[in-house]
Amino acid sequence: MNARVEISDMKTAILLGAGSSVPAGFPSTELLTEQVLSSSGVCRHTDETYFIDDNLPTAEVSTYVTRLLRHIHGQADQYLMENANRPANYEDIYNIIDQVYEERFGESENPTIYDYMDKLFKYMEPLCGSTGMGHNQLLNEMRNYIADVVWRFLSRTEYSSDHLKILEAACKSNFVSSISTLCHDTHVETYLETQGIPLDDGFPEEELGARYWHGDFSSAHKIPFLNLHGSVNWFRLRLDSSESFYDDRIGIPLDGDHDHVKGRDGEFQFSLDGRPILLIGTFNKIPDYTRGIFRELHHQFRQALLASTQLLICGCSFGDKGINTAIIEWYYAERGRRFLTIHPDFEALIKNARGAIRNKWDEWVKCGGVRLICKNIEDVEERELFGYLKK
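Residues numbered from 1 in each chain as written. Predicted model: local features only at pLDDT ≥ 70, side-chain atom pairs only at ≥ 80, totals over all residues. Heavy atoms only, no water.

## Some words on the sheet that holds strand β10 (residues 261-262)
- With antiparallel pairing, the five strands of this open sheet are ordered in space as β6-β9-β8-β11-β10. At either end of the open sheet lies a strand with only one pairing partner, and these are β6 (210-212) and β10.
- Pairing of strand β8 (residues 235-239) with strand β9 (residues 249-253), which is carried by three bridges, proceeds in the antiparallel orientation. Bridging across to β9, phenylalanine 235 finds its partner in glycine 251. (Pairing = 2+ DSSP bridges. Helix = DSSP H or I, 4+ residues; strand = E, 2+ residues; numbered from the N terminus.)

Below, the structure is given as C-alpha cells:
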C-alpha cells in the first residue's frame, strides 16, 4: 500500500540519528567499532549467526574474520584520517566489504576497485585455507559478523528513558507530525507507546504470531514512525514447508523467537536469513533505499517531510548522503522552512558533516533556516524546546 502520510495540524517532523540512542545506554559507533574489531567473547551458533558470550570460548572463525576486518579497517582508517580527518568505523568497513562482494556477484561494475580486490584476495588466501571458505564465502561471513555483533549489542531491553521525556512532551503537545529514525534499536518506539502515544510503524495489528509489514501509514490518529535503516526485531519469515520467495513476509515476532513464528494453518515459520533486516554501511545503503521495504519507507519519509514546515534533528551526524539529500530537497522546496538541531558540539558536527550540508550551513544559520540548541538531548528543557518550535 502506498498511502500518503496525511497530517493536519501537526507540522514538526523529527529525525533521530544513532547518537540519540547513546543516552539510553546503547553503545556509540566508536564502541561498536571496537567490539566488531575484537573477537573476544564472539561465538558462532550452529545456525551460523554470531552471538556474544564472555563465558564461552571465542569461535575460531571469529578470530580469522576479525583479523581480516582489522586489516581492512587499518587501510580505511589511514585514508579517512588523511582525507576526511576522522577515524574509520564499522560502517566504513562494511561499505568496503559490500562493494567488493557486489562486484564479485555482478551487482556493480566498478573497474577502479580491481586493484584493491586483488590485494585483498592475496591477503585472504591463507585465511581461506584455514577456514575452508572461499573468497566469496569469507566476504559474506565478514558482512554477517558485523551485522550480528551490531544486532546483539542493540537488542537490549533495559535502558534509560529520561532523555525521551522531551520527545514525549512534544508528541503530546501535537507538535509532532512524524518521527523518523536511523537507529536499529527499539527504545524510542517502545517508550513512547508505553506512555500512551499511538505510533504507526507500517506493521498493523497482530496476525497469529507476528505483526506483518503492510506499509500503510494512513492512520489518522497515529504518528508515523519510520525506521529508515531497519530494526533489530524485523525478520524475513518463511513457512517451514515452503521453498518459494512468494511465501516470504517481513514481520515482527511477538515473543521474540524469530525461528518459531506461528503461521497460516498452524504451521510455523522460520527466519530465512537468521538475522534481522538492518542497513549497515555508508554509500552502499543508498541503492537499498530504492528496493524492498526501504523503498516504501523512504518514500514515506519524503512525504512526511513535505507535510512539515520544520524539522527537529537529534543525534544525527549528517554522514548519510541519501538522508542529507532528502533534507536539502525538503528545505529548498518551499521558502520559510527551517530545522532545529540538538547537538552538544556544533563545530565538530559541521566539521565532520558531508559537504552537501557543511557547505550550506553558514548560509542557513545566517538566514535563520537553522536554529541550534547546543546541548545533549537529556539536558534540553521542555520550555526551551517548545520556545524554539513555536518561533
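Alright, that's what it looks like, and here's the rest.
## Regarding the sheet that holds strand β13 (residues 338-342)
- Sheet architecture is open: seven strands sit in the order β5-β7-β4-β1-β12-β13-β14, paired in parallel fashion. Looking at which strands have only one partner, the edges of the open sheet turn out to be β5 (199-200) and β14 (370-373).
- As judged from the five bridges shared by strand β1 (residues 12-16) and strand β4 (residues 176-181), these two strands associate in the parallel manner. From the neighbouring strand, threonine 12 faces β4, where its bridge partner is valine 176.
- Lying over the sheet, helix α9 (residues 292-306) contacts β1, β4, β7 (223-227) and β12 (310-314), oriented at roughly 135° with respect to β7. (Contact = heavy atoms within 4.5 Å. Axes fitted to C-alpha atoms, helices over the stretch in contact; angles between N-to-C directions.)

## A few points about the packing of helix α2 (residues 60-83) against helix α5 (residues 135-153)
- Contact geometry of α2 with α5 gives a least axis separation of 10 Å together with a crossing angle of 90°. As summarised for this structure, α2 and α5 are arranged roughly perpendicular, according to the angle between their axes. Side by side, α2 and α5 meet where Ser62, Val65, Thr66, Leu68, Leu69 and Ile72 of the first sit next to Leu138, Glu141, Met142, Tyr145 and Ile146 of the second.
- Considered class by class, the residues forming the contact of α2 with α5 number eight nonpolar, two polar and one charged. (Parallel < 35°, antiparallel > 145°, perpendicular 65-115°, else oblique. Nonpolar A, V, L, I, M, F, W, Y, C, P; charged D, E, K, R; others polar.)

## Re the nonpolar core
- Of all hydrophobic cores here, the largest spans 46 residues; its most connected members are Leu69, Leu139, Tyr145 and Ile146.
- Elements with a contribution of two residues or more to this core: α1 (29-37), α2, α3 (90-104), α4 (114-131), α5, β6 and β8.
- If one sorts the elements of this core by residue count, α5 sits on top with nine residues.
- Other than its neighbours up to four places away in sequence, leucine 139 contacts Ile97, Val100, Tyr101, Arg104, Leu120, Phe121 and Met124. (Core = buried A, V, L, I, M, F, W, Y, C linked by side-chain atoms within 4.5 Å. Buried < 20%, exposed > 50% of the residue type's maximum accessible area, 1.4 Å probe, protein only.)

## A closer look at α1
- Regarding α1, the residues found buried are Leu32, Thr33, Gln35, Val36 and Leu37.
- Where α1 is buried, its residues contact β2 (42-44), β3 (50-52), α2, α3 and α5.

## Some thoughts on the pairing of β7
- Of all five residues making up β7, five are buried, and the element is well covered by its neighbours.
- Along β7, one buried face is formed by Ile223, Phe225 and Asn227 and the opposite face, lined by Pro224 and Leu226, is buried too.
- Both β4 and β7 contribute to a ladder of three bridges, which runs parallel. Each residue of the ladder has a partner; that of isoleucine 179, found in β7, is phenylalanine 225.
- Of the pairings in the sheet, the one linking β5 to β7 comprises two bridges and is parallel in character. Directly across from leucine 199, in β7, lies its bridge partner isoleucine 223.

## Considering the packing of aromatic side chains
- One pass over the structure, following the stated rule, counts 16 aromatic pairs.
- Ring centres of tyrosine 101 and phenylalanine 105 lie 4.7 Å apart, and the angle between their planes is 35°; on these two criteria the pair is classed as tilted.
- Taking relative accessible area as the criterion, tyrosine 101 reaches 14% and is therefore assigned buried.
- Look at phenylalanine 105 and you get partly exposed, because its relative accessible area is 45%.
- One aromatic cluster in this structure is built from Phe318, Tyr331, Tyr332, Phe339, Trp361 and Trp364.
- The ring centre of tryptophan 151 lies 3.8 Å from the NZ or CZ of arginine 152, which sits over that ring.
- In this structure, arginine 156 packs its charged tip against the face of phenylalanine 26, placed 5.7 Å from the ring centre. (Phe/Tyr/Trp six-rings, centres within 6.5 Å; stacked < 30°, edge-to-face > 60°. Lys NZ or Arg CZ within 6 Å of the ring centre and 35° of its normal.)

## With respect to the pattern of salt bridges
- Inspection of the entire model under this criterion finds 16 salt bridges.
- Across the pair arginine 143 and aspartate 98 runs a salt bridge, and its minimum N-O distance is 2.5 Å. Note that arginine 143 is positioned in helix α5 and aspartate 98 in helix α3, a separation of 45 residues in sequence. The burial state of arginine 143 is the same as that of aspartate 98; both residues are buried.
- Here arginine 238 and aspartate 248 are joined by a salt bridge, their closest N and O atoms 2.6 Å apart. Taken together, the residues span a long stretch of sequence, with arginine 238 in strand β8 and aspartate 248 in the loop between β8 and β9 at a distance of 10 residues. Residue arginine 238 shares its accessibility class with aspartate 248, and that shared class is buried. (Salt bridge = Lys/Arg side-chain N within 4 Å of Asp/Glu carboxyl O.)

Keep in mind these values describe shape, not function.
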